[in-house]
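Each chain is listed here by its residues.
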Amino acid sequence: MENEIFNETKISRAYIRLSLPLVFSMVVTLIYNLADTFFVAQTNDTNIVAGVSLGMPVFTLLMAIGNIFGQGGSSLISRLLGQKENSGVRHVSSFCFYVTIITGIVIAVVMLIFRIPLLYLIGASEETFVHASNYYIYLAVGAPVIMLSFIHSNLLRSEGMSKESMAGTILGALVNIVLDPIFISVLGWGASGAAIATVIGYLFSDVFFVIIVVRKSKVLSINPREIKVPSSHIRQILGIGIPAAIVNLMQSASVVLMNQFLLPFGNEKIAAMGIVLKVNMIVLLLLTGFAYGGQPLFGYYYGSGDKKRLKELFHFCLRFISLTAIVLTAIVFLAAPFLMKCFMDNQSIIDDGTVMLRWQVITMVFVGIILLMTIIFQSMGKVVGSFILSISRQGVIFLAVLVIAFYTAGYMGIVASQAVSDIITVIIAGILFYKQLYKEFQ
């Protein structure tokens, strides 16, 4: 572990050194998703695009479950490192690695058994079922591989190895990008090819991460003899990891429900929203990367009791993330028609998508603040605050707003529902921070 990052480096410099590789990794993760959408869209078949878009909640589900142990484990490891508990770090990292593999196998079996009802649940229609099914099957088979990639990409950052985490993610993305056009167009595998390329990309990332842990890490472990951890550690991992995963699970649920509400308006609306959500991820993942970039520092300073640096870090992150969100919102808002056209040269989809995209990004400054607050709660092991924020923005609050907006404003209610949810959630985040964490920053 590079101790100077935590103890000697200037706060702003330490934050940038840890966050920039993560932000770049987030962008690369986005490329995983955009590559599928882009190359599938080149077929100019709306049903294939809609089918792959319907598979997005499935991918999000796998990411969510992987992050239970990835984010939960990294939060605990950051605090253990601050307390100089290296032995505990080894056991926690080994536990997260093997439990994720076992969980992934179970998830894969369940997904394959209940394939047909689950496909209809996520919004597949007669026109899109075959394409959605082809994409779904290979994601299900690759579930353990996909989930495992989120373990060491998180744990390595907790040790200060953000560059190595970034390198593994980039490797997987490059493999995916190279294979996508070959599998989708050259071999004519369509939606199946997109999913297969994605899984193979994640497999390359997994192998790379294991090599780094074995050869370079000073505290992480994949030794099965070190898998045993005390129950208190398991509660901490799950207490932070599950709320973190709920963010992704709620996102899946919100996309499924949104697709169901959009279904009466036609498959073109679903295809447009699928592209919009991918483009919106550009902003969302950048903000997420900057928020999570501070997670090892928040956890380390809290674990070591360094309130001075904790307070300085908070103020810097709040200013930096807010300004970044404003700039990104302005860029995407103005470039919305062009961004939509990059994916599909269909005027109806471009027009619908432009309106959808602008509504998605208009409240991103609030989203940045919500993400920062969520990360702080997770880093400090504050389970209740983390849980409430995790089930709010794209969870309970969003679903309630979506239902009410649909029945009161119809189609435009669906489009504007996320913005309304963001405003309500940022107010909740401010109240929780004042009630539970304000004293820690005094």
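These notes cover the structure that comes with them. (Residues numbered from 1 in each chain as written. Predicted model: local features only at pLDDT ≥ 70, side-chain atom pairs only at ≥ 80, totals over all residues. Heavy atoms only, no water.)

### Quick word on the packing of aromatic side chains
What counts, and what does not: Side-chain rings of Phe, Tyr and Trp, where Trp is taken by its six-membered ring, are said to pair if the distance between their centres is within 6.5 Å; with planes under 30 degrees apart they count as stacked, over 60 as edge-to-face, and otherwise as tilted. Numbering goes from the N terminus for both helices and strands, where a helix is a DSSP run of H or I of at least four residues and a strand is a run of E of at least two. Each residue's exposure class comes from its accessible area (1.4 Å probe, protein chains only) as a fraction of the maximum for that residue type: buried when under 20%, exposed when over 50%, partly exposed otherwise.
The full count for this structure, using the stated rule, is 12 aromatic pairs. With centroids separated by 5.0 Å and ring planes inclined at 15°, the aromatic side chains of Phe314 and Phe433 adopt a geometry described as stacked. Residue Phe314 is found in helix H14 (residues 307-343), and its partner Phe433 is found in helix H18 (residues 392-437); the two are separated by 119 residues along the sequence. Phe433 carries the same exposure label as Phe314, and that label is buried. Ring geometry for Phe406 versus Tyr407: centroids 5.0 Å apart, planes at 75°, classification edge-to-face. Joined through ring pairs, the aromatic side chains of Tyr15, Phe290, Phe316 and Phe320 make up one cluster.

### Notes on the pattern of salt bridges
Here is the rule we go by: In what follows, salt bridge is the name for a side-chain nitrogen of Lys or Arg lying within 4 Å of a carboxyl oxygen of Asp or Glu.
Per the counting criterion, the structure on display carries three salt bridges. For Glu226, the salt bridge identified is with Arg90, shortest N-O distance 3.0 Å. One end of the pair, Glu226, is in the loop between helix H10 (190-215) and helix H11 (231-262); the other, Arg90, is in helix H5 (residues 86-113), with 136 residues separating them in the sequence. Across the salt bridge formed by Asp352 and Lys269, the nearest N and O atoms sit 3.2 Å from each other. In this pair, Asp352 is assigned in helix H15 (residues 347-361) and Lys269 in helix H12 (residues 267-293), connecting sequence segments 83 residues apart.

### With respect to the nonpolar core
How we decide: Among buried residues, the Ala, Val, Leu, Ile, Met, Phe, Trp, Tyr and Cys ones that are joined through side-chain atoms within 4.5 Å form a nonpolar core. Contacts: residue pairs with any heavy atoms within 4.5 Å of one another.
Within the largest apolar cluster, 132 residues are counted, with the highest numbers of intra-cluster contacts made by Phe298 and Phe441. The residues touching Phe298, leaving out its near neighbours within four places in the chain, are Leu310, Leu313, Phe314, Cys317, Leu372, Ile376, Ser379 and Phe441. Core analysis: the next-biggest nonpolar cluster, separate from the first, contains five residues, Leu179, Phe183, Ile196 and Ala197 among them.

### Things to note about H18
Selection rule: Here a helix's expected span is defined as the number of its residues, less one, multiplied by 1.5 Å. What we call the bend at a residue is the angle made by axes fitted to the seven residues finishing there and the seven residues starting there.
When the terminal C-alpha atoms of H18 are compared, their 18 Å separation across 46 residues is substantially less than the 68 Å that a helix rising 1.5 Å per residue should span. If you look at H18, its biggest bend is around 150°, right at Ala409.

### Some remarks on the side chain of Ser417
Test applied: Pairs of N or O atoms within 3.5 Å make up the polar contacts considered here, provided that, within protein, one atom can donate a hydrogen while the other can accept it, and that residues adjacent in sequence are counted only when both atoms are side-chain atoms.
Note on placement: Ser417 falls in helix H18. Note on Ser417: relative accessible area 1%, which makes it buried. Polar contacts involving the side chain of Ser417 include one to the main-chain carbonyl oxygen of Ile414, which spans 2.8 Å. Excluding residues within four positions of it along the chain, Ser417 makes contact with Phe398, Val401, Leu402 and Ala405.

### Section: helix H16 (residues 364-379)
The end-to-end C-alpha distance of H16, which contains 16 residues, comes to 22 Å, matching closely the 22 Å that a straight helix rising 1.5 Å per residue would cover. Looking one or two places after H16, you find Gly381, whose phi comes out positive at around 75°.

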